[in-house]
Amino acid sequence: MEFVNEYYDQNPLGHLGICLVREGECEMLTTLGGSPKRHTLALSAALIDEMKRSQRRTEQDAAIGGEFSLQNGIEVAGRSLGYAPRYGSREIIVVTSALATCDPGDVLGETLPRLKHAGIRVSTVSMQAEMHICKRLADETGGLAG
């Protein structure tokens, strides 16, 4: 949540949207907008929801996590950026702690050309091991990976 406040301090005219990817699906927490309060409230609600989910899990279920789908997340985020003006920068920042991605299609063959055509840059932050596909997306679109 500190990221949201820092983002708007450094980009007062910027717009931010937040997507949450879990269990193979992407959910838009907030659409593109300039309200830091709306984003922090949505993130707080998502955190509380996730904490409640983890409390309901039994010991057997605790080892079972939802699948991460990079393609679904990027497709949803990319569609929301389609309405952003061309003169502004369009960037997707992927923050992941997944070790793998389970995608419905070919990320490099289907999604990457659409990102390039729309002028969207993808940067990735991996909390655990770096995935090759994330590094490749960042390199191909002019983003950063780390």
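Analysis parameters
Residues numbered from 1 in each chain as written. Predicted model: local features only at pLDDT ≥ 70, side-chain atom pairs only at ≥ 80, totals over all residues. Heavy atoms only, no water. Buried < 20%, exposed > 50% of the residue type's maximum accessible area, 1.4 Å probe, protein only. Helix = DSSP H or I, 4+ residues; strand = E, 2+ residues; numbered from the N terminus. Right-handed = clockwise from strand over helix to strand, strands pointing away. Patch = residues over 30% accessible without salt bridge, like charges linked within 9 Å, V, L, I, M, F, W, Y side chains within 5 Å. Areas by Shrake-Rupley, 256 points an atom, 1.4 Å probe, with all protein chains shown as cover. Salt bridge = Lys/Arg side-chain N within 4 Å of Asp/Glu carboxyl O. Core = buried A, V, L, I, M, F, W, Y, C linked by side-chain atoms within 4.5 Å. Contact = heavy atoms within 4.5 Å.

I'd like to hear about the pairing of strand β3 (residues 90-96), residue by residue, with values.
Burial along β3 is one-sided: the residues Arg-90, Ile-92, Val-94 and Thr-96 are buried and none of Glu-91, Ile-93 and Val-95 is. Each parallel crossover has a hand, and for β3 linked through helix α5 (residues 107-118) to strand β4 (residues 120-126) it is right-handed.

Can you tell me about a nonpolar patch on the surface, naming the residues and giving the values?
Among the surface-exposed residues, Phe-3, Ile-93, Val-95, Val-125 and Met-127 lie close enough to one another that they form a single nonpolar patch of about 500 Å² accessible area. Mapped onto the fold, Val-125 is located in strand β4. Classification of Val-125 by relative accessible area gives partly exposed; the value is 35%.

Tell me what's going on with the pattern of salt bridges, and back it up with residues and numbers.
Enumeration according to the criterion identifies 8 salt bridges in this entry. Here Glu-50 makes a salt bridge to Arg-22, at a shortest N to O gap of 2.8 Å. Here Arg-22 lies in strand β1 (residues 16-22) and Glu-50 lies in helix α2 (residues 36-56), a separation of 28 residues in the sequence. For Glu-50, a relative accessible area of 29% corresponds to the partly exposed category. Between Glu-91 and Arg-121 there is a salt bridge whose closest N-O contact spans 3.0 Å. Here Glu-91, found in strand β3, pairs with Arg-121, found in strand β4; they are 30 residues apart in sequence, far enough to count as distant. Of the residues examined, Glu-91 reaches a relative accessible area of 32% and is grouped as partly exposed. By relative accessible area, which is 32% here, Arg-121 ends up partly exposed. A single network of salt bridges, built from pairs that share partners, joins Arg-22, Glu-27, Asp-49 and Glu-50.

Give me unusual backbone geometry: which residues, what numbers.
Among all residues except glycine, the phi angle is most often negative; among peptide bonds, the trans geometry is most common. Phi angles above zero are rare outside glycine, and Glu-23 is one such case at about 55°. Structurally, the position occupied by Glu-23 is in the loop between β1 and β2 (25-33).

Describe the nonpolar core, with residues and values.
One finds Leu-70, Ile-74, Ile-92, Val-94, Leu-115, Val-122 and Leu-137 to be the most contacted residues of the largest nonpolar core, which totals 18 residues. Counting only elements with at least two residues in this core, the list comes to α4 (70-81), β3, α5, β4 and α6 (132-141). Not counting residues up to four positions away in its chain, the partners in contact with Leu-70 are Val-94, Thr-101, Asp-103, Ile-133, Cys-134 and Leu-137.

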